[in-house]
Amino acid sequence: MSPSPTLETNTPLPIIRLDESLVNRIAAGEIIHRPSSALKELIENSLDAGATQIKITVKDGGLKLLQIQDNGSGIRVRLGLLLSIVFNNARKREDLPILCERFTTSKLATFSDLQRIQTYGFRGEALASISHVAHLSVVTKTRDETCAWKANYADGLLKEGDPKPCAGNTGTIITAEDLFYNTPVRLAALRSSSDEYARILDIVARYSVHNPRVAFTCKKAGTSSPDLSTPACPSISSIIKIVYGATVAKELTHITASAPMQTSDGTADANAISDMPTWKAEAYVTGPNHHAKKMTFLLFINNRSVESSRIKKTLEGIYAAILPKGTFPFIYLSLVIEPSQVDVNVHPTKREVHFMNEDEIVQAVANAVQEKLTEQSSSRSFDFHTPLLKRTQNLSELSSRDQERPHQQQQEDGSSFADGNLPVESDADVMRRPKKVLPQYKVRTSLSNRTLDSMLPAKELSEAVKGLTGTLPSQDAANLAVSKSSMKTEIPMSTCKLSSIRRIRQEIEENIHSEFLEIISGHIFVGIVDLERGLALLQHSTKLYLVNHCALIEQLFYQLGLRQFGNFHRLKLNPAPSLVSLIRLAVNAEGEKVRMSGLEPSQIVEKIVQILLDRQEMLREYFSLDINNDGEVESLPLLTRNYTPNLDRLPLFLMRLGPQVDWTNEVACFKSFLRELALFYTPISEKDQEDLRPRADDDRGPEKTQSQRWQIQHVLFPLMRKYLRPQKASLDEDVHQIAHLPDLYRVFERC
């Protein structure tokens, strides 16, 4: 390396004025660090223009293409026809020719404007900087223009003279191509395109959360589906759910804090000058139930996305006391401070701001967050209600291997024991030894283990059992007498040549939820939580599920009816009741609904009876529902020998067959009839929950309830284990995971 000229000549070098293009390129490097920083400036320009829709297209992480389209106010092309007539050089004052020159802005005119600035941008350097490191083009249209205008820029100057008219919508499209094409060192220093794209998505996510009324879309060039899309809505929490997921959104806590200026008489005065500025804070933070490996901290001060290590460390210190070590929360914090108290001109990219009374404001916000978290920590909830999405891990094999660990008393080769007690193990024996299963992964696999019912006091349980013996009617007694041999009775699939039935059966198989099928076929019944609401607990592996057993039982009987279509066993009714009497009984019970229909009860009864009598042969052949020529119901379809439906609901079942079954279409007819049959067989359903509450004249209320509990546990859930094919559509509402043993261990370790 040759010595510097200063060392050779020992004379100072002359000071020269740098070329303007070099100055601009150096300045551009301070503002545009990477594609995400360029996008941040462009998004802020769109928001300043009042855009409500912002679409972003990216190629190769923004290096090849970075395009943003909005529906804002657009950029003026000419000052007006009058000026062009009066002044020959009026066109030189148009906005587009100076758009990419440095320090050209519409946000302020004097230095005093900086003290009350409320827009995102104000320096007029963003577009100028981008034009010096990329090929920049702009298409814009205002509401008053009849067409859009397109302009290309290089090094801050407009190319090809005046802008050219083109087709376009109101708003602006800014396209930056080949970013950093003339700064190879900066280009080489950037990471992979996937990393740069992740940074772009982070910027879009931040601004979409803070601006929920603006719809954002971000996608890669050449793809039809966006990677991030948020609708325009008034709720910040809704956008957080879309962007960061439901697990974060359900743990959010809304926090507000403020400190208005006060006059000497104690009233608020917006024009007063005080040491304490007017400020307000709004935050959405997660509670102690949520923790992640990386902290998500969204900070906005006067609508600017900024960084503040002081605020971040203060909030981290609060969470350090309630979260496990190495885990972090989600925090969104928006501070709105009197503009005159904020200095926004402290960083080239506006990444940092300074504001007065920073200590007091930060401490007040921290106190508000800590107070809210303290309230939550005192009564922590562990009911996660996680939707059943992931395949459960079968850990029963690990547990069984641990329980079947061999206890040999002598080695196979007959060698002696060390110390006369234990055999001497080689290294290979030690390696083959089964690993110990941690307590949080041990699975309860014995059906003889305790259920919720077994946790009742002995006196209460014995009285309930005593009340069941000898006092139940014949139907309930028959249900309690189900033997183990009868529970093993097979329900064969009937042979049916009807294409409609084959199609319905195929639909059932195609819509099976495979994960829940594994759970229901190998579950352990824990107990009924709420009989009236139809809630029960099931265990599978190390997870506990809360299920709507009413919905599952209804699915079970629907599928059992479909399974035995055309080959039902018959439930004989002796003596056979009158069809007219049963339907009249159900119609009269409807009361107000009958009067609203505009028909007389006798007319409704006559119509329903006629519908069923006209289809007498079909009901007998396909469903084993026998109605004789005298209008008497002789038999009903029997779905399983181990269970008899509640015949008190027979009138309602027969009445609903008239209006609720679609008799005009074969597939719809079979589906709707089987749905009504399943509803008739379901012991508890939303439509007759009131039946569970014993009437004043019914002295069998406790016995009926206990009988229903027994049927659900010992008859219906075993049938589910064998025959139910759970469907995808209903599981979002009917099945929820409420506990996972390893997670509970981590929770109680913190406690």
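It should be noted that the structure appears before, not after, this text.
In this text, all values refer to a predicted model and were calculated from it rather than measured experimentally.

### Some details on the overall build of the chain
Looking only at helices and strands, one finds 28 helices and 26 strands in the chain. Taking all contacts inside the chain whose residues are at least 6 apart in sequence as the whole, residues at least 24 apart take part in 71%. If you sum the accessible surface of the chain, you get close to 41100 Å²; carbon and sulfur atoms cover 51% of it.

### Quick word on the sheet that holds strand β24 (residues 626-627)
An order of β23-β25-β24 is seen for the three strands of this open sheet, with the pairing classed as antiparallel. The open sheet has two free edges, formed respectively by β23 (569-572) and β24, since each of these has just one partner strand. As judged from the four bridges shared by β23 and strand β25 (residues 633-638), these two strands associate in the antiparallel manner. Each residue of the ladder has a partner; that of histidine 569, found in β25, is leucine 638.

### Points about the nonpolar core
Core analysis: the largest hydrophobic core is formed by 71 residues, its most contacted members being Phe557, Ile583, Leu612, Leu654 and Phe673. For this core, the element with the highest residue contribution is helix α25 (residues 666-681), accounting for nine residues. When neighbours within four sequence positions are excluded, phenylalanine 673 is seen to be in contact with Leu619, Phe623, Leu625, Phe653, Leu657, Val661 and Trp663. Counting 56 residues, the second-largest nonpolar core is a separate cluster that includes Val133, Leu179, Ile236 and Ala249.

### Describing the packing of helix α3 (residues 35-48) against helix α7 (residues 193-210)
One can describe the packing of α3 onto α7 by two numbers: an axis separation of 9 Å at closest approach and a directional angle of 25°. As judged from the angle between their axes, α3 and α7 are roughly parallel. For the crossing formed where α3 meets α7, the hand is right-handed. Here α3 contributes Pro35, Ser36, Leu39, Lys40, Ile43, Glu44 and Leu47 to the contact with α7, which in turn contributes Glu196, Arg199, Ile200, Ile203, Val204 and Tyr207. Residues of the contact of α3 with α7, tallied by class, amount to eight nonpolar, one polar and four charged.

### Quick look at the sheet that holds strand β10 (residues 252-259)
One open sheet holds the five strands; their spatial order is β10-β11-β14-β12-β13, and the pairing between them is mixed. Of all strands in the sheet, those with a lone pairing partner are β10 and β13 (304-305), marking the two edges. Two elements, strand β11 (residues 279-286) and strand β14 (residues 330-337), share seven bridges in a ladder whose sense is antiparallel. Within the sheet, the bridge partner assigned to valine 285 lies in β14 and is isoleucine 331. Packing against the sheet, helix α8 (residues 236-244) makes contact with β10, β11, β12 (296-301) and β14, and its axis sits at approximately 40° to β11.

### Points about the state of the cysteines
The tally for this structure, following the rule as stated, stands at zero disulfides. Here cysteine 166 is not disulfide-linked; the sulfur of cysteine 147 is the nearest cysteine sulfur, at 7.2 Å.

### Some words on α3
Look at α3: 20 Å from first C-alpha to last across 14 residues, which is about the 20 Å you get at 1.5 Å a residue. Among all positions in α3, only Pro35, Ser36, Ser37, Ala38, Leu39, Lys40, Glu41, Leu42, Ile43, Glu44, Ser46 and Leu47 are buried.

### Focus: the packing of aromatic side chains
For the structure on display, the rule yields 18 aromatic pairs. Arranged with centres 5.7 Å apart and planes meeting at 80°, the rings of phenylalanine 680 and tyrosine 681 form a pair that is edge-to-face. Both residues of the pair, phenylalanine 680 and tyrosine 681, belong to the buried class. Through a chain of ring-to-ring contacts, three or more aromatic side chains come together here, namely Phe557, Phe565, Phe568, Tyr622, Phe623, Tyr643, Phe653, Phe670, Phe673, Phe680 and Tyr681. Here arginine 675 stacks its cationic end above the ring of tyrosine 558, 3.7 Å away from the centre of that ring.

### A short note on the pairing of β11
Regular strands place side chains that alternate from one sheet face to the opposite one. Extensive coverage of β11 is indicated by the burial of six of its eight residues. Alignment of β10 against β11, held across eight bridges, turns out to be antiparallel. Among the inter-strand pairings, threonine 253 is bridged to a residue of β11, identified as valine 285.

### Observations concerning the side chain of serine 494
Turning to its location among the elements, serine 494 is positioned in the loop between α16 (484-487) and α17 (499-510). Among the polar contacts listed, one links the side chain of serine 494 to the backbone oxygen of phenylalanine 565, at a separation of 2.8 Å. Apart from the residues within four sequence positions on either side, serine 494 is in contact with Arg505, Arg563, Gln564, Phe565 and Asn567.

### Focus on α25
With 16 residues, α25 extends 23 Å between its outermost C-alpha atoms, agreeing within 8% with the 22 Å of an ideal straight helix rising 1.5 Å per residue. The buried fraction of α25 is high, at twelve of 16 residues. When we look at burial in α25, the residues that qualify are Val667, Cys669, Phe670, Ser672, Phe673, Leu674, Glu676, Leu677, Ala678, Leu679, Phe680 and Tyr681. Check the buried side of α25 and you find it contacts α17, α19 (549-563), α23 (616-623), β25 and α24 (650-656).

### Topic: unusual backbone geometry
Cis geometry marks the peptide bond from asparagine 574 to proline 575; its omega dihedral reads 5°. By the element assignment, proline 575 lies in the loop between β23 and α20 (579-590). Of note, serine 624 is a non-glycine position whose phi angle comes to about 55°, a positive value. Among the secondary structure elements, serine 624 is positioned in the loop between α23 and β24.

### Some details on the side chain of glutamine 727
With respect to the element layout, glutamine 727 can be found in the loop between α26 (701-723) and α27 (731-734). Glutamine 727 sits in the buried class, given a relative accessible area of 14%. Separated by 2.8 Å, the side chain of glutamine 727 and the backbone oxygen of arginine 725 make a polar contact. The residues contacting glutamine 727, other than those within four sequence positions of it, are Glu507, Ile508, Asn511, Ile512, His513, Gln555 and Gln559.

### Focus on the packing of α7 against α8
With their axes 8 Å apart at the nearest point, α7 and α8 run at an angle of 160° to one another. Looking at the two axes, α7 sits roughly antiparallel to α8. As α7 runs across α8, the sense of the crossing is right-handed. Counted together, Ala205, Arg206, Ser208 and Val209 of α7 and Ile236, Ile239, Ile240, Val243 and Tyr244 of α8 form the full contact between these two elements. Each residue belonging to the contact of α7 with α8 can be placed in one class, and the counts come to seven nonpolar, one polar and one charged.

Scoring rules and cut-offs
- Residues numbered from 1 in each chain as written.
- Predicted model: local features only at pLDDT ≥ 70, side-chain atom pairs only at ≥ 80, totals over all residues.
- Heavy atoms only, no water.
- Helix = DSSP H or I, 4+ residues; strand = E, 2+ residues; numbered from the N terminus.
- Contact = heavy atoms within 4.5 Å.
- Areas by Shrake-Rupley, 256 points an atom, 1.4 Å probe, with all protein chains shown as cover.
- Pairing = 2+ DSSP bridges.
- Core = buried A, V, L, I, M, F, W, Y, C linked by side-chain atoms within 4.5 Å.
- Buried < 20%, exposed > 50% of the residue type's maximum accessible area, 1.4 Å probe, protein only.
- Axes fitted to C-alpha atoms, helices over the stretch in contact; angles between N-to-C directions.
- Parallel < 35°, antiparallel > 145°, perpendicular 65-115°, else oblique.
- Left-handed = near helix turned anticlockwise from the far one by under 90°.
- Nonpolar A, V, L, I, M, F, W, Y, C, P; charged D, E, K, R; others polar.
- Disulfide = S-S within 2.5 Å.
- Expected span 1.5 Å × (residues − 1).
- Phe/Tyr/Trp six-rings, centres within 6.5 Å; stacked < 30°, edge-to-face > 60°.
- Lys NZ or Arg CZ within 6 Å of the ring centre and 35° of its normal.
- Polar contact = N/O pair within 3.5 Å; in protein donor to acceptor, adjacent residues only side chain to side chain.

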